[in-house]
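Topology and contacts: notes
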Amino acid sequence: MNKVIKKYNSNMHRVFVYGTLKSGEPNNNVLQDRTRGTALLVGKAKTCLEYPLVIGTRYNIPFLLDAPGKGKRVIGELYDVDKKMLNTLDEFEDHPSWYTRSKIHVERMPDHESQIPSAVMKEEVCGYLLQQYKPYMFGKNNFIFIVQ
């Protein structure tokens, strides 16, 4: 049985992160910095639709291209963030000039520490997608390294 979860706290925003903001990655400190707002790790999730995940530029930046139905389902993490942290993330992701904060559907992934019921839990969350990209960014496997 699939269940769609609605936001339980109107003061918080659920955000999907898939790259350098994830736990253990170089920019996770942005989410941990309490002076920038509050971010609470909810758990792992996977996009319901496939998206191309591209690693690009000389800085190896991960881009999630706004091309649903192409690529693979992307695994990342969900965070509940307050408005201040959402603004911090918007600035960090250069929304709306570079990435666009968009609504996407994800499926929660159960872990041993959470109390997730056995039913699949799907929800609509915020994610940062690259809407303006070049067709050459699609590789043979929709996962390509681009060095510029």
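This is a predicted model, so every value here is computed, not measured. (Residues numbered from 1 in each chain as written. Predicted model: local features only at pLDDT ≥ 70, side-chain atom pairs only at ≥ 80, totals over all residues. Heavy atoms only, no water.)

1. Topic: the pairing of strand β6 (residues 75-81)
The condition is simple: Buried residues are those whose accessible area, probed at 1.4 Å on protein chains only, stays under 20% of the maximum for their type, while exposed residues exceed 50% and partly exposed ones sit between those limits. What counts as a helix is a DSSP run of H or I of at least four residues, what counts as a strand is a run of E of at least two, and both are numbered from the N terminus. Two strands form a pair only when DSSP identifies at least two bridges running between them.
Counting buried positions along β6 yields six of seven residues, so the element is predominantly enclosed. Taken together, the five bridges between strand β2 (residues 13-17) and β6 define a ladder with antiparallel strand orientation. In the strand pairing of β6, arginine 14 is matched with aspartate 80. Sheet topology places strand β3 (residues 39-47) next to β6; seven bridges connect them, and they run antiparallel. Bridge pairing links lysine 44 to glutamate 77 in β6.

2. Side note on the nonpolar core
Taken as a class, soluble globular proteins show a tendency for nonpolar side chains to be buried jointly. Just so we agree on the cut-off: In this description, a nonpolar core means a group of buried Ala, Val, Leu, Ile, Met, Phe, Trp, Tyr and Cys residues linked to one another through side-chain atoms lying within 4.5 Å. Whether two residues are in contact is decided by their heavy atoms: any pair within 4.5 Å suffices.
Counting residues in hydrophobic clusters, the biggest one holds 31 residues, and the most contacted among them are Val15, Phe16, Leu31, Val81 and Leu89. Residues within four places of phenylalanine 16 in sequence aside, it is in contact with Ala45, Thr47, Val74, Ile75, Gly76, Glu77, Leu78, Ile104, Val106, Val125, Cys126 and Gly127.

3. Let's talk about the side chain of threonine 88
Relative to the assigned elements, threonine 88 resides in helix α2 (residues 83-92). Apart from residues lying up to four places away in sequence, threonine 88 is in contact with Val30 and Arg36.

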